[in-house]
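# Coordinate inspection notes
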Amino acid sequence: MVDFAGWSMPVQYTSIVAEHRATRTAAGLFDISHMGRLRFDGPSAAPFLDRLATRRASKLAIGQVVYALVTNESGGILDDILIYRLADAAQRDYFLVVVNASNREKIVSWIRSRPAADDLQFADLTTDWAMIAVQGPHALQLVAPLVEFDLAAMKYYTATETLIAGHGGIVSRTGYTGEDGVELIVGAAMAPRIWQMLFDRSQSEQLGAVAAGLGSRDTLRLEAGMPLYGHELSENVNPFQAGLGFAVDLANAQFPGAAELARFKADSSQPRRVGLELVGKRVPREGYAILDPAGATIGQVTSGTFSPTFDRPLAMGYVAPQFAAPGAQLAIDIRGRAEPARIAALPFYRRSR
């Protein structure tokens, strides 16, 4: 257990490798209650979010979820977020924004500093609700009996209010591991019971679910080529160099930094986020220098791990664009020794469908 953004979080329950492999082959259960959950109600909620994030909340249909970014006036990334548009039992629509735990207080302060209409209702529900991610090939089979709709028919990047084990909650289908799965948002008091129900069902149906911690969540997301705030993303990085241009709607010029981002989109000279595969067994870590064939530093590792799926070290980092093509032969300085590496297309891992 470690302190993570003020939460006591498990790095691992058994071993990172075992939890990683179980998620790839069966199911991993992740307590992600530390993620911030922010609710927006009222007629001006959609226009307010259009002025806050890089994709237009007002374009979402009820039940849709979208990946977006919150940027500062310089186009740097304050956080990467999910925006849900939902309807309650009375069919009143509202928005839920899920933010990174380490950025929650920063984003809440940013929201409260923005001009807002009197009819906007904003609430930070992070401690009122819990959130469980169920990921892996058996995830839907594991969760299906707990909900009252056809989970298999649920489309990717959608969400709905529903009953979960007889109690009100939200089910979404997104994910951060490269596997299929769902997230269950439930009242905090109900979370232990639902967590136990999932394990009881896994045991009775021999579905192979395991509890998984931060360690395997990191190795899984890295194999899936997904950026992590504080590593690949920061206020010193813009979405286009991070490969997140798809999450920026420049036709919506209302959000902070939109003019700067239009300039960044046209700038082909920026360092780019890339994947790196190493030949040997030594693992690159954040901050290690990426070297060109002549030994000059051309970038820096942002995340590195030993991949349980591919049985070799993998990394992500930023390099000058002339070195970013897949197949380019480079090296990483690992404690004074240049270890051969090559640029690999992201993601490293794609699940079979």
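For the structure, see preceding data.
All values derive from a computational prediction rather than experimental measurement.

### Structural notes on unusual backbone geometry
Between Leu346 and Pro347 the backbone carries a cis peptide bond, its omega angle lying at 0°. Examined against the element boundaries, Pro347 turns out to sit in the segment after strand E19 (337-344). Backbone geometry places Ala165, a non-glycine residue, at a positive phi of 55°. Looking at Ala165, the relative accessible area reads 18%, which means it is buried. One non-glycine residue, Arg335, lies in positive phi territory at about 50°. Mapped onto the secondary structure, Arg335 falls in the loop between strand E18 (329-334) and E19.

### Let's talk about the side chain of Asn103
Tracing the sequence through the fold places Asn103 in the loop between strand E7 (93-99) and helix H3 (104-113). Classification of Asn103 by relative accessible area gives buried; the value is 5%. In this structure Asn103 touches Leu78, Asp79 and Tyr229, once residues within four positions along its chain are discounted.

### Focus: the environment of Ser15
With respect to the helices, strands and loops of the structure, Ser15 is situated in the loop between strand E2 (7-9) and helix H1 (16-25). Here the alpha-carbon distance between Ser15 and Ile32, two residues 17 residues apart in the chain, equals 18 Å. A distance of 3.0 Å separates a polar atom in the side chain of Ser15 from the backbone nitrogen of Ala18.

### Re the layout of surface pockets
The calculated volume of the second largest pocket comes to roughly 230 Å³. Along its surface, the second largest pocket is lined by 14 residues, and Tyr94, Trp129, Glu161, Gly169 and Ile170 are the ones closest to its centre. Elements that contribute at least two residues to the lining of the second largest pocket include exactly strand E4 (36-41), E7, strand E10 (159-164) and strand E11 (167-172). Tallied by class, residues from the lining of the second largest pocket come to 7 nonpolar, 3 polar and 4 charged.

### Brief notes about the side chain of Thr219
By secondary structure assignment, the location of Thr219 is in helix H6 (residues 214-223). With residues up to four places along the chain from it excluded, the contact list for Thr219 reads Ile16, His20, Thr305 and Pro308.

### Section: the pairing of E7
Of all 7 residues that make up E7, 6 are buried, and the element is covered over most of its length. In this sheet, E7 lies alongside E4 in antiparallel orientation, the contact comprising 5 bridges. Opposite Phe40, over in E7, you have Phe95 as the bridge partner. Pairing of strand E6 (residues 77-87) with E7 involves 6 bridges; the strand directions are antiparallel. Bridge pairing links Leu86 to Tyr94 in E7. Between E6 and E7, which pair antiparallel one after the other, the connecting turn spans 5 residues, and Gln91 there sits at a positive phi close to 65°.

About the criteria used
- Residues numbered from 1 in each chain as written.
- Predicted model: local features only at pLDDT ≥ 70, side-chain atom pairs only at ≥ 80, totals over all residues.
- Heavy atoms only, no water.
- Helix = DSSP H or I, 4+ residues; strand = E, 2+ residues; numbered from the N terminus.
- Buried < 20%, exposed > 50% of the residue type's maximum accessible area, 1.4 Å probe, protein only.
- Contact = heavy atoms within 4.5 Å.
- Polar contact = N/O pair within 3.5 Å; in protein donor to acceptor, adjacent residues only side chain to side chain.
- 1 Å grid on protein atoms, 1.4 Å probe; cavity = no way out; pocket = protein on both sides within 12 Å on 5 of 7 lines; lining within 4 Å.
- Points joined across faces, edges and corners; volume = space filled by probe spheres on them.
- Nonpolar A, V, L, I, M, F, W, Y, C, P; charged D, E, K, R; others polar.
- Pairing = 2+ DSSP bridges.

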